[in-house]
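Residue strings, one per chain:
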Amino acid sequence: MATREDRLQEELRFHLDQQVAKNLRQGMSPDEARRSALVKFGGVETFALGIGAAVAMFSVFEGVLLRPLALPEPDRVVRLFQIMVGVMPDGFDYPVGNAMWIPREQTPPQTGRSAHNFQVIGRLADGVPLARAQAELSALLRQLKTVHGDNTRMVDAAVLPLLEIMTGASRPTLQLLLAASLLLLLAACTNVSNLLMVRAGARRSECAVQLAMGATAGRLGRQLLAEPLVVCLAGAALGIAAATTAVRLFVAMGPSIVRRLDEVSVNGTALLFALSVSVLAALALSLVTAAGARSVRITDALSESTRSGTGSRRQIRAREGLIVTQVARRSCCCPARRYSAAASTQ
Amino acid sequence: MAERLDKEAASILQGTLDMLVLRSLQLEPMHGWGITERIEQWSEEVLCVGQGTLYPALYRLERQGLVTSAWRTTENNRRARYYTLTAAGRKHLTQEIKDWERMLRAINLVLQAAKG
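Rules used throughout
- Residues numbered from 1 in each chain as written.
- Chains lettered and ligands numbered in written order.
- Predicted model: local features only at pLDDT ≥ 70, side-chain atom pairs only at ≥ 80, totals over all residues.
- Heavy atoms only, no water.
- pLDDT = per-residue confidence, 0-100.
- Contact = heavy atoms within 4.5 Å.
- Salt bridge = Lys/Arg side-chain N within 4 Å of Asp/Glu carboxyl O.
- Helix = DSSP H or I, 4+ residues; strand = E, 2+ residues; numbered from the N terminus.
- Buried < 20%, exposed > 50% of the residue type's maximum accessible area, 1.4 Å probe, protein only.
- Polar contact = N/O pair within 3.5 Å; in protein donor to acceptor, adjacent residues only side chain to side chain.
- Core = buried A, V, L, I, M, F, W, Y, C linked by side-chain atoms within 4.5 Å.
- Patch = residues over 30% accessible without salt bridge, like charges linked within 9 Å, V, L, I, M, F, W, Y side chains within 5 Å.
- Areas by Shrake-Rupley, 256 points an atom, 1.4 Å probe, with all protein chains shown as cover.
- Pairing = 2+ DSSP bridges.

K.L.:
Help me out: how do you make sense of the confidence of the model for chain A in this one?
P.N.:
Low-confidence regions, as indicated by low pLDDT, have predicted coordinates that should not be scrutinised in detail. Residues with a pLDDT of 70 or more make up 66% of chain A, whose mean pLDDT is 70. Across residues 301-311 of chain A, confidence stays below pLDDT 50; counting only partners more than four residues off in sequence or on other chains, it has 19 contacts.

Okay, here's the thing in structure tokens:
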């Protein structure tokens, strides 16, 4: 009995052949007909879409949330929030449009104890952890409260890293968008994997002959890796080009909940991300293909017609995994889109 | 002929793929390629279903018992997997079309109200 893997492979091959035949009827040359059918089947193009979305989202994510602030030793810069008796003020507006910060020492000392509208940004002393600064400050303020009683309303203050204050609100949205774009990339991998499977199936007996002639597993492995690698890298190149435009558009639209957008671009880190993801995808795809090819017994492969043959259980698992991911993406992206739309209107 | 929409817009509207696939099988059993071609023709080449979307959908519909499938020979003597609508599939399709028409009417009402 044919396994599900064999069935899907035969259906896909039939689908591809029908597309080639249609192209031929439309007057293409045999080579052109085949090439165009493979392109339509989705290889480079689909992967480019997947990786493009992933790189664009990664660039935004990295630029906004991961990259340190453009200050020396940014980890040490913190913002103090005064905590008063009664209702906590609804977030202090971060000083947008301020060109520079001046040290407090340059202004005359303030003796008033009720001016709670100041925003305090400080730098932690070298080697002082946030928790210690918080503890010291709390102790100090409590002491001031006992000394001055009703003349001051501040009872405590919170110390938070500046980066967190600036970008905290956009973090969940950006994380969600990044996850969604990675799911899109996985869906693109399903398409590429279908394409590779059809081609690998047609090449099974070629592999078997090479094995019989004494080709090592490594030699065969390199050959199996070559094709996904070419598809993925070509896809990555197109995808990066698309991502660069997408990021520029995103920055131009300037969604108001995301701070630091002006620092976002497709930079070296993003390129490295694209490269590693593409190579990883190529490796995974070639493993899925190879898992099937390796388990083929030579006699089977040489005597088989295109329809029979043995599919490896591992290969089926891997491919089912990809199909499951695609279904997961369908059910995930929709709520994700709704969520991010809701988040951006807040 | 209707203008071909760009790639993004031509991807099947979320949730309508199953309905379109079932509808294309309403007249006669067909293989995967035939379904793609039929949807493309009937929609005057506006809608196109990629293989990466179609086959997972067909396998899902089969698991849900809405279609069955069997190997048959095409007129060109090739073996192909043909999909047939089951009774449950027909019932499901009728319901889906009803829901769709109700939704379409509702949306149109809103759009026309906005115009006037």
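K.L.:
Just to check I follow, could you spell out the pattern of salt bridges for this structure?
P.N.:
Close approach of charged atoms allows side chains with opposite charge to pair. Using the criterion set out here, one finds seven salt bridges over all chains in the structure. Among the salt bridges present, the one from E37 of chain B reaches K22 of chain A, with a minimum N-O distance of 3.1 Å. Of this pair, E37 of chain B sits in helix α3 (residues 32-42) while K22 of chain A is found in helix α1 (residues 4-25), placing the two residues in two different chains. K22 of chain A matches E37 of chain B in its accessibility class, with the two residues each being buried. The residue R38 of chain B makes a salt bridge to E28 of chain B at a minimum N-O spacing of 3.0 Å.

K.L.:
I keep staring at the environment of S278 of chain A and nothing clicks. Help me out?
P.N.:
Residues and elements named next belong to chain A. Take S278: it is sitting in helix α9 (residues 268-294). Along the primary structure S278 and C232 are separated by 46 residues, whereas in three dimensions their C-alpha atoms are 5.5 Å apart. The residues touching S278, leaving out its near neighbours within four places in the chain, are F47, I51, C232, L233 and A236. Among the polar contacts made by the side chain of S278, one reaches the main-chain carbonyl oxygen of A274 at a distance of 2.6 Å.

K.L.:
Looking at this structure, how should I read the nonpolar core?
P.N.:
What tends to happen in soluble globular proteins is that the nonpolar side chains get buried as a cluster. Counting residues in each nonpolar core, the largest one holds 33 residues, and the members touching the most others are F47, I51, V55, V60 and L174 of chain A. Secondary structure elements with two or more residues in this core: α3 (44-66), α6 (171-202), α8 (217-253) and α9 of chain A. The element that contributes the greatest number of residues to this core is α3 of chain A, accounting for 11 residues. Excluding anything up to four places from it in sequence, F47 of chain A contacts L185, A188, C189, V192, C232, G235, A236, S278 and A281 of chain A. Counting residues in hydrophobic clusters, the runner-up holds 31 residues, among them L38 of chain A together with M30, I39 and V67 of chain B.

K.L.:
Just to check I follow, could you spell out the confidence of the model for chain B for this structure?
P.N.:
Residues and elements named next belong to chain B. When pLDDT is averaged across chain B, the result is 84; 85% of the residues are at 70 or more. Here residues 1-10 is modelled with pLDDT under 50, and outside its nearest four sequence neighbours on either side it reaches 14 contacts, counting other chains as well. For this predicted complex, the interface confidence comes out at an ipTM of 0.77, alongside a pTM of 0.49.

K.L.:
I keep staring at helix α2 (residues 17-24) of chain B and nothing clicks. Help me out?
P.N.:
Note: α-helices contain 3.6 residues per turn, so residues at a spacing of three or four share the same orientation. With six of eight residues buried, α2 of chain B lies mostly within the body of the structure. Turning to α2 of chain B, its buried residues are L17, D18, M19, V21, L22 and S24 of chain B.

K.L.:
What am I meant to see in a nonpolar patch on the surface here?
P.N.:
Residue and element names in this part refer to chain A. Residues L233, L275, V279, L280 and L283 make up a contiguous nonpolar surface patch of roughly 420 Å² in combined accessible area. The element best represented in the nonpolar patch is α9, accounting for four residues. Structurally, L275 can be placed in helix α9. Residue L275 is classed as partly exposed on the basis of its relative accessible area of 48%.

K.L.:
Can you walk me through the pairing of strand β3 (residues 79-85) of chain B in this structure?
P.N.:
One face of the sheet, then the other: side chains in a regular strand alternate in exactly this way. All names here are of chain B. Summarising burial for β3: five of the seven residues are buried, a large majority. Bridge count between strand β1 (residues 30-31) and β3: two bridges; the pairing is antiparallel. Of the residues in β3, the one forming a bridge with H31 is Y82. Two elements, strand β2 (residues 67-73) and β3, share seven bridges in a ladder whose sense is antiparallel. From the neighbouring strand, T68 faces β3, where its bridge partner is T84. Taking the residues between adjacent antiparallel strands as the criterion, β2 and β3 are bridged by five residues, where N77 takes a positive phi near 70°.

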